[in-house]
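The residues making up each chain are set out below.
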Amino acid sequence: CCPHRLSDVFWMNADAAADALKLAEQRHDAADDVGALRFAQKALQLDETLAGAHALMHRLKKFGPGSEMKAIVDRILQAGNHYSVFDTTYASFDANAEATAYRQLSKRVHPDKNRARGAEDAFKKLSEAHTVLSDTTLRERYNLEVMLPREPRAHPASARGGASHASVPPGGSGR
């Protein structure tokens, strides 16, 4: 009736599951977490006992795209300035709240605790923002150099009130 015995089917599924897991790990190494998740799910469909697939699925669900840990990393990396790293503004900055936010965020973003892609860079950015904003002198310098808009500098010729020599055509009298 059937060309394969039930044990042969099991081994074919186990081999296909191992192949799918290998592809999932390759995708994960290539920074394609969505593809890695898809292949890990396929591996588990073929063989529910495949331990490596369970471990990869767990890691991707906890630290991969759409996870809370990855969202924190992305928010910090996308912050435009030191204040937005702590989800505050220049006008509403509070040093005590920043210190508390730093302690909480550093625990969640530290690369030993958060294995999401970019966690190390996010932790460095968080630490730099904390260093600058927690020191009054550094914060004032940062505010002057980065946060406050600079006055447009006048061109040297317009500051003198006269025409520059560059506006006179070569060989011409300027009239």
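Everything discussed here concerns the structure shown above.
Residues numbered from 1 in each chain as written. Predicted model: local features only at pLDDT ≥ 70, side-chain atom pairs only at ≥ 80, totals over all residues. Heavy atoms only, no water.

**Q** Give me the lowdown on the overall build of the protein, citing residues and values where you can.
**A** A count of helical and extended segments in the protein gives nine helices and zero strands. In the protein, the order of α-helices and β-strands from amino to carboxyl end is α-α-α-α-α-α-α-α-α. Every one of the 175 residues in the protein was classed for burial, and the buried ones make up 31%. A fraction of 58% describes how many contacts in the protein between residues 6 or more apart in sequence connect residues 24 or more apart. As presented, the protein carries roughly 12,000 Å² of accessible surface, and 53% of it is formed by carbon and sulfur atoms. (Helix = DSSP H or I, 4+ residues; strand = E, 2+ residues; numbered from the N terminus. Buried < 20%, exposed > 50% of the residue type's maximum accessible area, 1.4 Å probe, protein only. Contact = heavy atoms within 4.5 Å. Areas by Shrake-Rupley, 256 points an atom, 1.4 Å probe, with all protein chains shown as cover.)

**Q** Can you break down the environment of Gln41 residue by residue, with the values?
**A** Its location among the elements puts Gln41 in helix H2 (residues 33-46). Spatially, the C-alpha atoms of Gln41 and Leu21 are 8.8 Å apart, while their sequence positions differ by 20 residues.

**Q** Any details on the pattern of salt bridges? Residues and values, ideally.
**A** Summed over the entire model, instances satisfying the criterion amount to five salt bridges. Among the salt bridges present, the one from Arg108 reaches Glu68, with a minimum N-O distance of 2.2 Å. One end of the pair, Arg108, is in helix H6 (residues 95-109); the other, Glu68, is in helix H4 (residues 68-78), and 40 residues separate them in sequence. Assessed through its relative accessible area of 51%, Glu68 is described here as exposed. Its salt-bridge partner being Glu120, residue Lys124 comes within 3.6 Å of it at the nearest N-O pair. With Lys124 and Glu120 both in helix H7 (residues 119-134) and four residues apart, this pair spans about one turn of that helix. Classification of Glu120 by relative accessible area gives partly exposed; the value is 49%. (Salt bridge = Lys/Arg side-chain N within 4 Å of Asp/Glu carboxyl O.)

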